[in-house]
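Structural description and commentary
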Amino acid sequence: MAAVTYGQYASIGILVVLLGLFIWGRWRYDVVAFLALIVAVAIGIVPVESAFSGFSNNAVITVALVLVLSAGLQNSGAIDLATRYLIPPGTGPIALLVLLPAAAAVLSAFLNNVGALAILMPVAIVAAQRANISPAILLMPVSFGSILGGMSTLIGTPPNIILAEYRARALGEPFGMFDYSPVGIGVAVAGVLFVGLIGWRLLPKERQAARPPEELFEIAPYVTEARLGEKSKLVDQPVREASAALSEIEAEIIGLVRGEKTILNPGRWERLRAGDGLVLRADADAIRESIRSLGLELVGEEEIGELKLDSEEVALVEAVVMPKSSIVGRSVRELYLRRRYGLNLLAVSRAGRRIHSRLNTLRFAAGDVLLLQGDRDRMGESLNAMGCAPLAARAIEIRRPLRAGLAVASFGAAIALAASGTAPVSVAFAAAVLVYVLSGIISAKSAYESIDWSVIVLLGALIPIGQAVDQTGSAALVANGIVLLFASGGEILVLAAVLAIAMLLSDVLNNAAVAVIMAPIAVSIAQAFGVNPDTFLMAVAIGASCAFLTPIGHQNNVLIMGPGGYRFGDYWRMGLPLEVIVVAVGLPLLLWAWPL
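Residues numbered from 1 in each chain as written. Predicted model: local features only at pLDDT ≥ 70, side-chain atom pairs only at ≥ 80, totals over all residues. Heavy atoms only, no water.

Turning our eyes to something else, we now look at a nonpolar patch on the surface. Taken together, the side chains of Tyr6, Trp24, Trp27, Val31, Leu35, Val39 and Ile43 define a hydrophobic patch exposed on the protein surface, amounting to about 700 Å² of accessible area. Elements with a minimum of two residues in the nonpolar patch: α1 (6-24) and α2 (29-42). With respect to the helices and strands, the residue Tyr6 is situated in helix α1. Judged by relative accessible area, Tyr6 falls into the exposed class, the value being 54%. (Patch = residues over 30% accessible without salt bridge, like charges linked within 9 Å, V, L, I, M, F, W, Y side chains within 5 Å. Areas by Shrake-Rupley, 256 points an atom, 1.4 Å probe, with all protein chains shown as cover. Salt bridge = Lys/Arg side-chain N within 4 Å of Asp/Glu carboxyl O. Helix = DSSP H or I, 4+ residues; strand = E, 2+ residues; numbered from the N terminus. Buried < 20%, exposed > 50% of the residue type's maximum accessible area, 1.4 Å probe, protein only.)

Encoded structure:
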């Protein structure tokens, strides 16, 4: 047995530390990957001249282009229109439980799966209300369906793109657009049927109980009215300055009562008068003493109902914070939410727990559900600027059907060019993006904003490390260890082990990272047995796309946590048997479609 070299020690050491930091989660995964790249260059396992070669890799470019095309298709309205006809009003609960996850699977085969979920999440919530069932019954199956569908095509999920590019480098030719389909579609169909017909029944009974729509936010006890006395410090002050004073005691002005007139979400320069009533979002008991110093008096003890907080001009909207939102990690006070976006934050729900107090200093996290009040006409623009998705179904109006048709036709043509081998995927998709920008389907600014740059940095940093793991022989070393561990069961047991390992890693790591790390190991195992490496690469593709045990394994699982009212431990109840089904169905399909 050959001695272990310095390069192998160093690259395996970096992998172990990298995995540990990913699982720890203290730092962002793109920061961790970039740190690992710099360390790899410093210790000599990645050549200086190759340090940033990952950013020019076709896989990285293709992932970015797919994200832009997904955003363009959504902007065109074509996907919304298709969804409306796919899920007609009056659809029964059982049909919903199959149709919605199936729709998510189909959409995510061609769109970014976070975008597919963002489209279907409000549809699922409204459908649950109409069917008088809990949104929790629908949202987890829809999320899992969107993850399952991504494994069916080359562009369905970043791991498939990464593995295709690795195959081109290692074996001379990439996987094609639909090479993943024989296994991916079979696994997706089995998974969708399970989550729609059986899986939701495994959720805790309290999550299955139907909830009234308003239960997510009970804001009445946290909204109160205070009257300005003649000597109040706030008299003659503009709302802007009064808001700054009230924010010190964790109160926010969301309305103004002047005589018989109520002004919701008053303008920042509106001057307050003696006798005005301020509708405040605050804990009345907590501020009772504090507001006296400002010359305010609480008006009675009656609650102000939700109906008084919206009007024809002012809307109340529930929205979920998307993973790449610019507000993640920042507070209302830092964002100047009212001044910059024209919105009042009334409440937050995080992982099903309602938060009403100290909202000005609360730092937003991906998956938070926000109750916002603001100008009805500007609400959509404000939510887009914040990176939030509304949880109410939008009115669908295709004002430019030719643009929607052009978006679909351009995307379809790009897929056809790539699938036929007429043009590489990256070139075909770049041409489609150019059509989108020139025709106004998506602006150049929105195109850049639609790219998840954290994923781009992650991939660009990890690809040179993955190449070093391969070139130093570390992948072969790890592969030999796996082979020795499972050799007694033969290559089929080792194939199952590769699938299971990739699946388990994807529950705690970014799936793109799993693909980069596992691809060279999978090929080394196949070479050790002298069998088809494609079978093992496809096993990695399936495993890397299956993150069902935890909410942190995939962005979509984070997004549904708040709206569905799920707990951390709810996911494995449906996810564990689903992963067993993936292995049970996927393994025979792998051996049939890609014989050893």
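Here the narrative resumes, following the displayed structure.
Time to look at the pattern of salt bridges. Side-chain pairs of opposite charge can arise whenever the charged atoms involved come near each other. One pass over the structure, following the stated rule, counts 4 salt bridges. A salt bridge links Arg363 to Glu334; its shortest N-O distance comes to 2.8 Å. Note that Arg363 is positioned in the loop between β8 (353-355) and β9 (369-375) and Glu334 in helix α13 (residues 332-335), a separation of 29 residues in sequence. A salt bridge links Lys445 to Glu449; the shortest N-O distance between them is 2.5 Å. You can see Lys445 and its partner Glu449 sitting in helix α18 (residues 444-450), 4 residues apart, about one turn around the helix. Among the residues examined, Lys445 registers a relative accessible area of 58% and is labelled exposed.

So, about helix α7 (residues 135-149). Given a rise of 1.5 Å per residue, 15 residues ought to cover 21 Å, and the 21 Å separating the end C-alpha atoms of α7 matches this to within 8%. With respect to burial, α7 is a largely interior element, 15 of its 15 residues being buried. The distance from a side-chain oxygen at the start of α7 to the backbone nitrogen of Ala136 is 3.1 Å, and the residue carrying that oxygen is Ser134. (Expected span 1.5 Å × (residues − 1). Polar contact = N/O pair within 3.5 Å; in protein donor to acceptor, adjacent residues only side chain to side chain.)

The next subject is the confidence of the model for the protein chain. Per-residue confidence for the protein chain gives a mean pLDDT of 82, with 88% of residues at or over 70. In the model, residues 301-307 has pLDDT below 50 throughout and makes 10 contacts with residues more than four positions away in sequence or in other chains. Under a pLDDT of 50 for its full length, residues 395-399 has, in the predicted model, 8 contacts with residues more than four places off or in other chains. (pLDDT = per-residue confidence, 0-100. Contact = heavy atoms within 4.5 Å.)

One finds Leu138, Phe144, Ile155, Phe429, Ile525, Phe536 and Tyr566 to be the most contacted residues of the largest nonpolar core, which totals 155 residues. The element that contributes the greatest number of residues to this core is helix α22 (residues 511-529), accounting for 13 residues. Ignoring any residue separated from it by four or fewer positions in sequence, one finds Phe536 in contact with Glu491, Val494, Leu495, Val498, Ala522, Ile525, Ala526, Val531 and Leu596. Ranked by size, the runner-up nonpolar core spans 22 residues in total, among them Ala315, Val321, Ile355 and Leu359. (Core = buried A, V, L, I, M, F, W, Y, C linked by side-chain atoms within 4.5 Å.)

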